[in-house]
Every structure is written in structure tokens, then in C-alpha cells.
Amino acid sequence: MGDVMPLKEIEANLEHWEKTILGASTVQELERLKADIIGKSGVVTSAFKLLKDVPSDEKRAFGERLNVAKSRIENAITQQRRKLEDYSILEKLKNETVDVTMPVENDHFGGLHIITQSLRRIRDYYSARGFLVLDGPEVETEFYNFDALNIPKHHPARQSHDTFYLKRCGDMLLRTQTSCVQIRAMQKYGVPLRMISIGKTYRNDQLDATHSPMFHQIEGLVVDTKPITVGHLKSELRKFLEFFFETDSASLRFRPSFFPFTEPSMEFDCRYTKKDGRLIITGQGDKWIELGGAGMVHPNVFTNCGMKEKCYGFAYGLGLERIIMLKHGITDIRNLFDTDQRWLRYYGACA
Ligand code: DAH
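Since the structure is predicted, the reported quantities are computational estimates derived from the model, not experimental observations.

(A) Spatial organisation of the domain arrangement of the chain. Under the domain assignment used here, the chain contains domain 1 (7-95) and domain 2 (111-350). If you average the C-alpha positions of domain 1 and of domain 2, the two centres end up 74 Å apart.

This is how it looks when you write it as C-alpha cells:
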């Protein structure tokens, strides 16, 4: 028992130990102090052995005093450990700061995604030709997405768009088409008007090689008080597609169709060929591929937009992903929304 420090001495040393602990400058030093004082064979732990020789009426008080000593040491250790940890984090932050002005060693700089590149290229093309390049909200009202486009409630055309309605938000929905921007544009700018809008649209479609619940549409609208004909529409679309596909002459075909907001309505196809097993639009070839819808603006749409004058106009809409895929021979739309670095690098997203 000779080695065991008596309780009185422990209590006399407490303040000194606490000071030493709170002055420890490393975690290792702290661990050593902990082992010496309250570890398995530390001075405080060993003093519990004295308990058996203490008269029974003093045992309780003795135990309590030893526990107080133990918890004072524990508290000091916890306090200092926290301090040392905080300090080491701060040191780390100080030493590991990134100097963003340092020259980069590898050559993988970021780049624009092929969708962004194409979108900007098309916008530039149209704005250089005097078109207004407009945006509209992706969260729309039923009025702009359907009613104003001459698609009344219960019209079967509404069912063909598998719409995402926003719960508890009145008549709000995710727009299913960019045609709603036509309405906003006519309300705001009146006639004459030449505009395009490119943006995201949403439909409750299952994701597969050719469908995505989110895709981009390109919407064009030309309105005037002077007569505008289907001939203008055809020529406009041909010019755009020749520009986009970078071909001298694109052969287009127009088929009668139905859209509530145009009369007459049509769908248009472009000739294509296959090169190395991949679909490549050249504007020439023996096969046809559907690209989008178009038509002469329905008089009801002009009325819904509050146009006072007699107006003429044409409109068209097509999917951005679709023409990008055709131009570049991409066969799966999911690639466009994936993060495969090799694919992205190949298509220019990691220049
Ligand atoms: N909004 C139509 C769709 O999503 C495409 C379309 C057809 C747009 C005819 C037009 C148009 O502007 O005139 O299916």
C-alpha cells in the first residue's frame, strides 16, 4: 500500500494537475497525463484501493471525494482535447489552403455541354437575323400552357401531354411545351413580332433511349399585320435546318397534322442518310425523319392574346435533343444527361 497516494495528497495536487493538463500542447502529452492520473494504474484510480481500509462510516464520503477528483481531471482533459482538436483543424486549414491562382498542370479544363453549345449557337443565329430571343417560366399556368393555345379543358389534346401538375398550387404545372412563350410574347410585344425561345419542357414520360421526362424545345413565331403564308414558314424552317445541320440544301417534307393552336397544322420531316451505321442528317438521302410541328397561327390564339388588328403568322416547334442527336449520330438521349466523362469529353463538354 506504500505506493498509493493518500487522498489528502491527491486533493492537494488536483489544481496543479489541472493546470498541467490545460497546458498540454499535444494530444499525445494529454494521453500520457490521462494514463498517469486516471488511467488503469493512475494515481487516482489506485487510491480507490484504499477504500477497503477506510472505516465503514467514512467509506461513502471517501468514495465521493475520490470521484470528484476523478471527474475534475476528466473535465480538464475533455476541455483541453477539444481545444487541441480545434487548433489542429485550424492549422490544417491554414496549411492546406488552395491557391486558385496557381497554374494548372493537367489539361482537363471544363467545357460547355453539347446542349448548351447548340442552344447558344441557335440563339446567336436567330438574334443575328433580328429575332427576339425570349425565355418563359418553366412553372406555368394552365392558361398559358393550354387555354390560350386554344386547348380548352377536356380537349383530347390535353391528354396527349402527360402533364406534371403541381399539387396544392392551383392551376400551376410544369410546362409541357414552349408554345406558351408565344402567348407571353404576343401579349407583351404585340405585332409585328419575330421571336424564338429555347427552354426546358416536362412530360411524365418514362426515360428510355428516345424519351426523357425533361427535354428542350425550340419555338419559333413570326407574326405581322401583312399577309404571311405557308411559303414563308417553309422557307424559314429550311434556312434554320440548313444552318443547324451545316448543309447546303436540306430537303424537307410537310405532312398535314393537327395542333389546336395552328390552322392548317403540319409536321415536317427531313431527309437523312446513315453513315457508319449512325443516323446523320445531311438533308439528303432516301429516308425521312420527323423533326417537329408547325402551322399558321390559329385566329383564336390571336384573340386570346388580345390582338386588335387582323394578324397573320406562323409558328413551329421542335425538340433540341432530337436534332442534336441526329446531327451527331447520338442514338441514346440518356447519354446527354449522363456524367460519363469520356462521353462528355468526346462531345466537347470537357474541352
Ligand atoms: N408544341 C408542340 C408540341 O409540343 C409543337 C408545335 C407544333 C409547336 C406546332 C408549334 C406549332 O409552334 O406551330 O408538340
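(B) Broad picture of unusual backbone geometry. Cis geometry is found at the peptide bond from valine 191 to proline 192, where omega equals -15°. Topologically, proline 192 is positioned in the loop between helix H8 (179-189) and strand S4 (193-202). With an omega dihedral of -5°, the bond running from glutamate 263 to proline 264 counts as a cis peptide bond. One non-glycine residue with positive phi stands out, namely histidine 154, at about 70°. Among the structural elements, histidine 154 can be located in the loop between helix H6 (142-145) and helix H7 (156-160). Overall, the relative accessible area of 75% leaves histidine 154 in the exposed class.

(C) Layout of the site of the ligand. Near the ligand lie 15 residues; those nearest to it are Gln177, Ser179, Arg203, Gln217 and Glu219. Between arginine 203 and the ligand, the recorded distance is 2.8 Å, taken from a side-chain N or O atom to an oxygen atom. Between an oxygen atom of the ligand and a side-chain N or O atom of glutamate 219, the distance comes to 2.6 Å. Protein burial of the ligand: of its 360 Å² of free accessible surface, 91% is covered by the chains. Counting only elements with at least two residues in the shell around the ligand, the list comes to H8, strand S5 (214-224), strand S9 (287-297) and strand S10 (312-319). A per-class count over the shell around the ligand returns five nonpolar, eight polar and two charged.

Conventions and cut-offs
- Within each chain, residue numbers correspond to sequence positions counted from 1 in written order.
- Owing to the predicted nature of the model, reporting of local features is limited to residues with pLDDT of at least 70; listing and counting of side-chain atom pairs is limited to 80 or more, with chain, interface and lining totals taken over all residues.
- No hydrogens and no water enter the side-chain calculation; it runs on all heavy atoms of the structure.
- In this document the domain limits rely on a domain assignment from an automatic tool or a database.
- Think of it this way: any DSSP run of H or I at least four residues long counts as a helix, any run of E at least two long counts as a strand, and we number them from the N terminus.
- Under the scheme applied here, a residue whose accessible area is under 20% of the maximum for its type counts as buried, over 50% as exposed, and between as partly exposed, the area being computed with a 1.4 Å probe on protein chains only.
- Nearness is judged by heavy atoms alone; a residue qualifies as near a molecule or strand once a single heavy atom is within 4 Å of it.
- Contacts described as polar in this section are N or O atom pairs within 3.5 Å, which, within protein, must combine one atom able to donate a hydrogen with one able to accept it, while residues neighboring in sequence count only if both atoms come from side chains.
- A 1.4 Å probe and the Shrake-Rupley method give the accessible areas. Residues count as covered only by the protein chains that appear here.
- Note on residue classes: Ala, Val, Leu, Ile, Met, Phe, Trp, Tyr, Cys and Pro are nonpolar, Asp, Glu, Lys and Arg are charged, and everything else, Gly too, is polar.

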